[in-house]
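Residue-level structure breakdown
The chain contents come next:
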Amino acid sequence: MKSISIIGGTGNQGLGLAMRFVKAGLPIVIGSRDDTKARIAVDEIKEKFPNAQVEGVDNTTAVEMGDIIILSVPYKFMVDTIKSIKGALTEDKILVSLCVPLAIAVGGKATEMVRPWEGSAAEQAQSIVPNVKVVGAFQNICAARLMDLENTVEDDVLVCSNDKDARQEIMDLVKMIDGLRGINGGTLCNCRITESLTPLIIGLNIRYKVTKGLGIRFTYLYDI
Ligand SMILES: NC(=O)c1ccc[n+]([C@@H]2O[C@H](COP(=O)([O-])OP(=O)(O)OC[C@H]3O[C@@H](n4cnc5c(N)ncnc54)[C@H](OP(=O)(O)O)[C@@H]3O)[C@@H](O)[C@H]2O)c1
């Protein structure tokens, strides 16, 4: 079984995903800039799942330990974080970007976004590590839903990558989480579209007062 490391696994989205993977019986490594903070996150997971196979380490060690590296830091810190772990990101690894370039990164609103020169945050990540298989996924799921462990997350996750095998691997990983469907979103440039759905969702959450966040489900799509 491939090992999963979550960089920024101490944060809202990273910890929520970690909880869901652990609930599905998968071993997880939590990465942080501060290994003490990573171990605190591990304690939080073990409080809910005492038999969880989970370790907390610094970001570079987490990358070294993982086959699938999930990058879960705010867009503002994405480039610096990738540069800090680049040395350990060998070309056999898959880097999953769930970063959304919300305009808050430049003092704007969470309901608006900025457009990276490369087209999307995932493509920008790919440009920093051209030899690594970058996959964009999980950009549209709300952390509050992931953390609501009493209920399943009824979302579709659009998975985009230029590497077909890596894309399939992450679609299969998505399916391990009860309620989620991994949808083949095509090549990485489609992250321009998937990332832009998140500020729209945030606006909908505000207007319709959906406190835990609404999700995306494609209808009439069977056999996946
Ligand atoms: N929250 C959501 O509902 C949601 C939904 C969809 C997509 N996303 C995406 O998921 C990613 C993570 O979101 P989040 O809400 O989980 O973020 P977050 O909780 O604000 O931060 C995640 C982690 O980033 C690290 N971090 C914070 N400041 C940093 C800095 N100055 N330099 C480097 N790392 C720093 C921290 O890890 P350490 O201090 O442990 O290093 C922190 O725990 C974002 O790209 C966001 O667009 C989030």
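Use the structure listed above.
First, a word on scope: everything that follows refers to the structure included in this document. (Residues numbered from 1 in each chain as written. Predicted model: local features only at pLDDT ≥ 70, side-chain atom pairs only at ≥ 80, totals over all residues. Heavy atoms only, no water.)

This next bit is on the overall build of the protein. Across its full length, the protein carries eight helices and eight strands. Along the three orthogonal principal directions, the C-alpha set of the protein runs to about 40 × 40 × 40 Å. In the protein, which comprises 224 residues, the proportion classed as buried is 52%. Here the contacts in the protein between residues at least 6 apart in sequence split such that 73% fall between residues at least 24 apart. Counting every atom, the protein has about 10700 Å² of accessible surface; 52% of that belongs to carbon and sulfur. Charge separation in the protein, taken as the distance between the mean sites of 25 positive and 27 negative side-chain charges, equals 6 Å. (Helix = DSSP H or I, 4+ residues; strand = E, 2+ residues; numbered from the N terminus. Buried < 20%, exposed > 50% of the residue type's maximum accessible area, 1.4 Å probe, protein only. Contact = heavy atoms within 4.5 Å. Areas by Shrake-Rupley, 256 points an atom, 1.4 Å probe, with all protein chains shown as cover. Lys, Arg positive; Asp, Glu negative; His and termini not counted. Charge placed at Lys NZ, Arg CZ, Asp CG, Glu CD.)

Here the focus is the packing of aromatic side chains. Taken as a whole and judged by the stated rule, the model has one aromatic pair. Ring centres 6.3 Å apart and planes at 85° place the aromatic pair F21 and F138 in the edge-to-face group. You can see F21 sitting in helix α1 (residues 12-23) and its partner F138 sitting in the loop between β6 (133-136) and α6 (143-147), a full 117 residues away along the chain. Residue classification places F138 among the buried residues on the basis of a relative accessible area of 2%. (Phe/Tyr/Trp six-rings, centres within 6.5 Å; stacked < 30°, edge-to-face > 60°.)

So, about the site of the ligand. Near the ligand, the surroundings consist of 21 residues, among which T10, S32, R33, K37 and V73 are the closest. With respect to the ligand, the backbone of V73 contributes an N or O atom lying 2.7 Å from an oxygen atom. Computed on the free molecule, the ligand has an accessible area of 890 Å², of which 77% lies beneath the protein chains in the complex. Grouping the constituent residues of the shell around the ligand by class yields 10 nonpolar, nine polar and two charged. (Near = heavy atom within 4 Å. Polar contact = N/O pair within 3.5 Å; in protein donor to acceptor, adjacent residues only side chain to side chain. Nonpolar A, V, L, I, M, F, W, Y, C, P; charged D, E, K, R; others polar.)

So, about the sheet that holds strand β4 (residues 68-71). Strand order in the open sheet made by the eight strands is β3-β2-β1-β4-β5-β6-β7-β8, with mixed pairing throughout. The open sheet terminates on both sides in strands that have one partner only, identified here as β3 (54-58) and β8 (181-184). Ignoring which end each strand starts from, the neighbouring axes of this sheet average 25° apart. Inspection of the sheet shows strand β5 (residues 94-97) paired to β6 by four bridges, in the parallel sense. Counterpart to S97 in the pairing with β6 is G136. (Pairing = 2+ DSSP bridges. Axes fitted to C-alpha atoms, helices over the stretch in contact; angles between N-to-C directions.)

What follows concerns a nonpolar patch on the surface. On the surface, a nonpolar cluster with roughly 240 Å² of combined accessible area is contributed by F218, L221 and I224. Topologically, I224 is positioned in the segment after α8 (191-208). For I224, a relative accessible area of 46% gives the class partly exposed. (Patch = residues over 30% accessible without salt bridge, like charges linked within 9 Å, V, L, I, M, F, W, Y side chains within 5 Å. Salt bridge = Lys/Arg side-chain N within 4 Å of Asp/Glu carboxyl O.)

None of the figures reported here should be taken as evidence of function without further support.
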